[in-house]
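Each chain, written out:
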Amino acid sequence: MATVFYQLFLLDPAYRGPGWLWISMLVAEGLTALHLIGTWWTILAHDDRPEAVDATVWRNRLRAGADVPSIDVLITAYGEEPALVRRTMLAARDMELAHRTFLLDDGDSDELRAIAEEVGIGYLRRPGGAHAKAGNVNAGLARTGGEYVVILDADHVPEPGFLISILPHFQDPDVAFVQSPQSYTNNVNLVATGSGEAQRIFYELVCPGKNHFNAAFCVGTNVMFRRAALDSIGGIWTGSNSEDIWTSIELHKRGWKSIYVPQVLARGLAPEDVPSYLKQQLRWASGGFEVLLKGRLFKRGTGLTLDQRLQYLFCGTHYLLSLAMLTFMLFPALYLLFALSPIRADGFTWATHYLPFQAAVLLVTWLQSGGFKPSAIVASIGAAPVHLRALGGVLIGRPSKWKVTNAGGDSGRSLWAVMPLVAILTLNATAIVVGVLVMADPAPTWLSVGWAAMIVLILGRMILESITGGRIRKSVTPSAPAPENLPAQPQPVAAAV
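In this text the structure is predicted, and so the values were computed from the model without any measurement. (Residues numbered from 1 in each chain as written. Predicted model: local features only at pLDDT ≥ 70, side-chain atom pairs only at ≥ 80, totals over all residues. Heavy atoms only, no water.)

Asks: Sorry, what's going on with the overall build of the protein here?
Replies: Along the backbone of the protein there are 17 helices and nine strands. Computed over its C-alpha atoms, the radius of gyration of the protein comes to 25 Å, within 12% of the 23 Å expected for a compact globule of 497 residues. Taking the contacts inside the protein whose residues are at least 6 apart along the sequence as the reference set, 83% of them involve residues at least 24 apart. With 40 positive and 40 negative side-chain charges, the protein shows a separation of 4 Å between the mean positions of the two kinds. (Helix = DSSP H or I, 4+ residues; strand = E, 2+ residues; numbered from the N terminus. Rg over C-alpha atoms; globule rule 2.2 N^0.38 Å. Contact = heavy atoms within 4.5 Å. Lys, Arg positive; Asp, Glu negative; His and termini not counted. Charge placed at Lys NZ, Arg CZ, Asp CG, Glu CD.)

Here it is, written out as structure tokens:
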């Protein structure tokens, strides 16, 4: 009711402002409404179905000592801190159930090779580094032969029960991969906490709904594949730096199933500084826009169901919300500086229609997500210009290059990384001063001043985080490493090209 009340107000010709500005507002509000409806529909589809009985039976048999199919665990590395990678090596090596563990090192690090030999796991490197992470995994697949393949990022430490929790879901021969959540443990500052909160909402609420539609997709780590499924599409997809979601699409097109297990089985590290966070967001947004603009989701004969097409569509519309967000951040300045408004109405009339709608949106979001942290809002709004940059890159055929999020050696302090935010903050701060001095119409002026002030506070917090590098409250490791005095499982001898 609140939404209809507000939309009818926007569409009423009596309140229409300049045409170009009015259309901009309709587009922004339309994008917001489309994605909110899609998100709510997905979340409400979560039906809490228990796992298949056959999966439970197989797990019990495995615990009783039944034969285990061959499993290869592939840890991808490219420039991460050796100590970080070592923790993941140890935990992967010591997981329950027989398996072989390999480090796929695209950084050609002799130190990592020595660590792999020390802990007793396989070490593989390749020449050239073509196709980034996807090429690294495919090179590892070509030199291993396990019936099932686990992919772990170097900063994601698996729990001992990872394999025994995931493997039984492959009792259905049509299942191509089983995905478990990403979970961040280093809530040490605004960026890390905000990033972790966004992940929590996605993995706790959205992914179970996608699973209902057989549209759960691979997120690049904490995932187990059936090798036969990967072989059917020629391995991990290499035509994009977002190899995970494109691999999922290709598998779903061929009728394979995916399963999402809502159980945290590996713990990783969120970006702890703004440049790293924006680098991650640029890569993820580029992947979402590639799927939206180049995925041909609604082309006939693709093999995707309607539900799957819509779920992949929402991956792209999520990042399109930043276009709406940037539009909304310009409106108060346009009114305060140039007396331009998409809606011609007095402040009371506008507030009467808008505030109930906005309150309803926030209330429903809060109820569905179990609350949300202000840091998530700041981080989300702070990434909006980067998402727009990703959209431009995809439109002109120059998507972002693949880079490791938690690579060591990067500076965590940068004003350059947030210069678009500085520009928007300066514009709104100037508009506040001008609006207060001129005060042509008090009611809408004070509304616009309040709106602009909120933008200044949010962007200012993100800018401060970037130029200070983020205050680290307390260092948290992803997980305690496995005891080193335990005997290592039999592993292949470390090898290097």
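That covers the picture; the talk isn't over yet.
Asks: How should the side chain of Ser258 be read in this particular structure?
Replies: Along the chain, Ser258 turns up in strand S8 (residues 257-260). Looking at Ser258, the relative accessible area reads 4%, which means it is buried. A polar side-chain atom of Ser258 sits 3.0 Å from a polar atom in the side chain of His252. The contact partners of Ser258, leaving out residues within four places of it in the chain, are Phe177, Asn211, Asn214, Ala215, Ala216 and His252. (Buried < 20%, exposed > 50% of the residue type's maximum accessible area, 1.4 Å probe, protein only. Polar contact = N/O pair within 3.5 Å; in protein donor to acceptor, adjacent residues only side chain to side chain.)

Asks: It is not clear to me how the side chain of His252 should be interpreted in this structure. Could you clarify?
Replies: Tracing the sequence through the fold places His252 in helix H10 (residues 243-253). A polar atom in the side chain of His252 sits 3.3 Å from the backbone oxygen of Asn214. Leave out the neighbours within four places in its chain, and His252 touches Asn214, Ala215, Ala216, Ser258, Gly303, Leu304, Gln308 and Tyr312.

Asks: Looking at this structure, how should I read the packing of helix H4 (residues 82-93) against helix H5 (residues 110-119)?
Replies: The geometry of a pair of packed helices is captured by two quantities: the angle between their axes and the separation between those axes. Between H4 and H5, the shortest axis-to-axis distance is 10 Å and the interhelical angle comes to 30°. By the criterion of interaxial angle, the relationship of H4 to H5 is roughly parallel. Considering only the axes of H4 and H5, their crossing is right-handed. Of H5, the residues touching H4 (which contributes Pro82, Val85, Arg86, Met89, Leu90 and Arg93) are Glu111, Leu112, Ile115, Ala116, Glu118 and Val119. When the residues that make up the contact of H4 with H5 are grouped by side-chain class, the tally is eight nonpolar, no polar and four charged. (Axes fitted to C-alpha atoms, helices over the stretch in contact; angles between N-to-C directions. Parallel < 35°, antiparallel > 145°, perpendicular 65-115°, else oblique. Left-handed = near helix turned anticlockwise from the far one by under 90°. Nonpolar A, V, L, I, M, F, W, Y, C, P; charged D, E, K, R; others polar.)

Asks: I tried to follow the sheet that holds strand S4 (residues 148-153) on my own but got confused; where do I start?
Replies: Within a sheet, neighbouring strands are paired by backbone hydrogen bonds and run either parallel or antiparallel to one another. Overall, mixed pairing links the seven strands, which are arranged S3-S2-S1-S4-S7-S6-S8 in an open sheet. Strands at the two margins of the open sheet, each flanked by one partner only, are strand S3 (122-124) and S8. Taking the axes of each pair of neighbouring strands and ignoring which way they run, one obtains an average angle of 20° across the sheet. With four bridges joining them, strand S6 (residues 175-179) and S8 adopt parallel strand pairing. Across the sheet, Gln179 pairs through a bridge with Tyr260, a residue of S8. (Pairing = 2+ DSSP bridges.)

Asks: Please clarify how the packing of aromatic side chains should be interpreted in this entry.
Replies: Centre distance and the angle of the planes are the two values used to describe a pair of aromatic rings. Across all of its chains, the model carries 17 aromatic pairs by this definition. Between Phe177 and Phe225, the aromatic rings sit 5.4 Å apart at their centres with planes inclined by 50°, giving tilted as the arrangement. Here Phe177, found in strand S6, pairs with Phe225, found in strand S7 (residues 223-226); they are 48 residues apart in sequence, far enough to count as distant. The same class applies to Phe177 and to Phe225, which are both buried. Taken together, a centroid distance of 6.5 Å and an interplanar angle of 20° make the contact between Tyr203 and Tyr260 stacked. Of this pair, Tyr203 sits in helix H8 (residues 190-212) while Tyr260 sits in strand S8, placing them 57 residues apart in sequence. Residue Tyr203 is classed as buried on the basis of its relative accessible area of 5%. (Phe/Tyr/Trp six-rings, centres within 6.5 Å; stacked < 30°, edge-to-face > 60°.)

Asks: When you look at the nonpolar core in this model, what are you seeing that I'm missing?
Replies: In this structure, Met89, Leu103, Leu163, Leu167, Phe170 and Met224 are the most contacted members of the largest nonpolar core, which totals 34 residues. Of all the secondary structure elements, the ones that give two or more residues to this core are helix H3 (53-63), strand S1 (71-77), H4, H5, S4, helix H7 (162-166) and S6. Grouped together as the second largest cluster of nonpolar side chains are 32 residues, Leu190, Leu391, Ile458 and Ile463 included. (Core = buried A, V, L, I, M, F, W, Y, C linked by side-chain atoms within 4.5 Å.)

Asks: It is not clear to me how the environment of Pro82 should be interpreted in this structure. Could you clarify?
Replies: Tracing the chain through its elements places Pro82 in helix H4. In this structure, the C-alpha to C-alpha distance between Pro82 and Leu26, residues 56 residues apart in sequence, is 50 Å. When sequence neighbours within four positions are dropped, the list of residues in contact with Pro82 reads Glu111, Leu112 and Ile115.

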